[in-house]
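Fold and contact review
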Amino acid sequence: MIKLNFGCGPFHLDGWTNVDYQNKWEPAPDLHFNVQNPEYPWEKNSVDFIYASHLLSLFWESDILDILRQWHSILKPGGVLRIVEPNFEWFLDQYFKKSETGKVVFESSVLKTKRDLDDVRRSGKQFYTPAHQFQWDYNRWGHKFLFDSETLEAFLRKGVGFSGVKHCAINLSPHKGLNNIDRQRSSGGELFVEAVK
Ligand SMILES: C[S@@+](CC[C@H](N)C(=O)[O-])C[C@H]1O[C@@H](n2cnc3c(N)ncnc32)[C@H](O)[C@@H]1O
């Protein structure tokens, strides 16, 4: 069975080939590979599962579609792609909540983890508005594209030709091998989507 965890960073999955193009991670990836490389080392129709968490949002639209087409081509018929990405709708929701109160505070749910708050304090950054804060938070990780569930589904179905697109809850999947692989603690800010070839 071939299971590929693309853009794994330091978050390896047991029994999977953990793939990343950077050397800096500990543990190191099982395979160094750039997902934008047009020459994939896997045969067409040979891969059972692909997992990509917080990877596609680092690219512009045309690159996202090229990468998705490569993944579609190496998946077996019936193979499944599981994608986790930040959720545009959730960010908007947070933004409007903040705007209602008129407050710009770091202890908001946009900057939600202790690590996020520490990063802000270390940066000495002053935010004037919720939108200012949001853009700093989103762009500092190199994000370029922000999906909502509808757009991600349209890319998968209409842009690439996947069928059976399903919106999942965190750590849940109808496919046994894809359960309990998400590292996130809550599903508030993220989309969990699966697509079958
Ligand atoms: C935001 S991190 C996500 C890490 C992990 N998947 C997670 O959910 O936390 C994005 C990862 O994708 C990797 N990455 C970015 N561009 C890549 C590319 N072109 N090919 C392979 N990996 C890439 C980065 O090195 C980084 O480890």
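Here goes a summary of the coordinates provided. (Residues numbered from 1 in each chain as written. Predicted model: local features only at pLDDT ≥ 70, side-chain atom pairs only at ≥ 80, totals over all residues.)

Counting secondary structure elements, the protein chain contains five helices and seven strands. Beginning at the N terminus, the succession of helices and strands in the protein chain can be written as β-β-β-β-α-β-α-α-α-α-β-β. The buried share among the 197 residues of the protein chain stands at 28%. (Helix = DSSP H or I, 4+ residues; strand = E, 2+ residues; numbered from the N terminus. Buried ≥ 20, exposed ≤ 12 C-beta atoms within 10 Å, placed from the backbone.)

Within the structure, the ligand sits among 16 residues, and Gly7, Gly9, Tyr21, Ser53 and His54 are positioned closest to it. Classifying every residue of the shell around the ligand gives seven nonpolar, seven polar and two charged. (Near = placed C-beta within 6 Å. Nonpolar A, V, L, I, M, F, W, Y, C, P; charged D, E, K, R; others polar.)

Turning our attention to the pairing of strand E2 (residues 17-20). The side chains of a regular strand alternate between the sheet's two faces. Two strands pair when backbone bridges link them, and strand E1 (residues 3-6) and E2 are joined in this way by three bridges, in the parallel orientation. The residue bridging phenylalanine 6 from the neighbouring strand is valine 19, located in E2. Relative to strand E3 (residues 31-32), E2 runs parallel, the two sharing two bridges. Within the sheet, the bridge partner assigned to aspartate 20 lies in E3 and is histidine 32. (Pairing = 2+ DSSP bridges.)

A few words now on the environment of histidine 72. Along the polypeptide, histidine 72 turns up in helix H1 (residues 61-74). Given 19 C-beta atoms within 10 Å, histidine 72 falls into the partly exposed group. With near-sequence residues (within four places) excluded, histidine 72 lies in contact with Val160, Gly161, Phe162 and Lys197. (Contact = placed C-beta atoms within 7 Å.)

Among all positions of helix H4 (residues 130-139), only Pro130, Gln133 and Asp137 are buried. Angular distribution of buried residues about the axis of H4 spans 65°; they occupy a single face of the element. (Arc of directions from axis to C-beta.)

Turning to the sheet that holds E3, a few remarks are in order. Reading across from one edge, E3-E2-E1-E4-E5-E7-E6 is the order of the seven strands in this open sheet, with mixed pairing throughout. Single-partner strands in this sheet number two, and they are E3 and strand E6 (163-167). Running at roughly 145° to strand E5 (residues 75-86), H1 makes contact with strand E4 (47-53) and E5 of the sheet. Seen against the sheet, helix H5 (residues 149-160) touches E5, E6 and strand E7 (190-196) and runs at an angle of roughly 20° to E7. (Axes fitted to C-alpha atoms, helices over the stretch in contact; angles between N-to-C directions.)

As a further point, take the environment of tyrosine 40. Tracing the backbone shows tyrosine 40 in the loop between E3 and E4. You can call tyrosine 40 partly exposed: it has 16 C-beta atoms within 10 Å. Sequence-distant contacts of tyrosine 40, that is, excluding residues within four places in its chain, are made with Gln70 and Ile74.

This paragraph deals with H5. Given a rise of 1.5 Å per residue, twelve residues ought to cover 16 Å, and the 16 Å separating the end C-alpha atoms of H5 matches this to within 8%. Those residues of H5 that are buried lie in contact with H1, E5, E6 and E7. Just past H5, the residue glycine 161 takes up positive phi, approximately 105°. (Expected span 1.5 Å × (residues − 1).)

A cis geometry characterises the amide bond from glutamate 26 onward to proline 27, with omega recorded as 0°. Considering the arrangement of structural elements, one finds proline 27 in the loop between E2 and E3. Look at asparagine 45: it is not a glycine, yet its phi comes out positive at around 55°. As for its position among the elements, asparagine 45 is in the loop between E3 and E4. In this structure asparagine 45 comes out as partly exposed when scored by C-beta crowding, with 13 C-beta atoms within 10 Å. Positioned with a positive phi, asparagine 180 is a non-glycine residue whose angle comes to about 55°. Summarising the element assignment, asparagine 180 is placed in the loop between E6 and E7. Residue class for asparagine 180 comes out exposed when judged on the 9 C-beta atoms lying within 10 Å of it.

H5 packs onto H1 with a crossing angle of 70° between their chain directions and a minimal axis gap of 10 Å. By the angle between their axes, H1 is roughly perpendicular relative to H5. At the point where H1 passes H5, the crossing takes the right-handed sense. Listed contacts from H5 to Ile64, Leu65, Leu68, Arg69 and His72 of H1 are Phe155, Leu156, Gly159 and Val160. (Parallel < 35°, antiparallel > 145°, perpendicular 65-115°, else oblique. Left-handed = near helix turned anticlockwise from the far one by under 90°.)

From the geometry alone we can't say anything about function, so treat these as descriptive.
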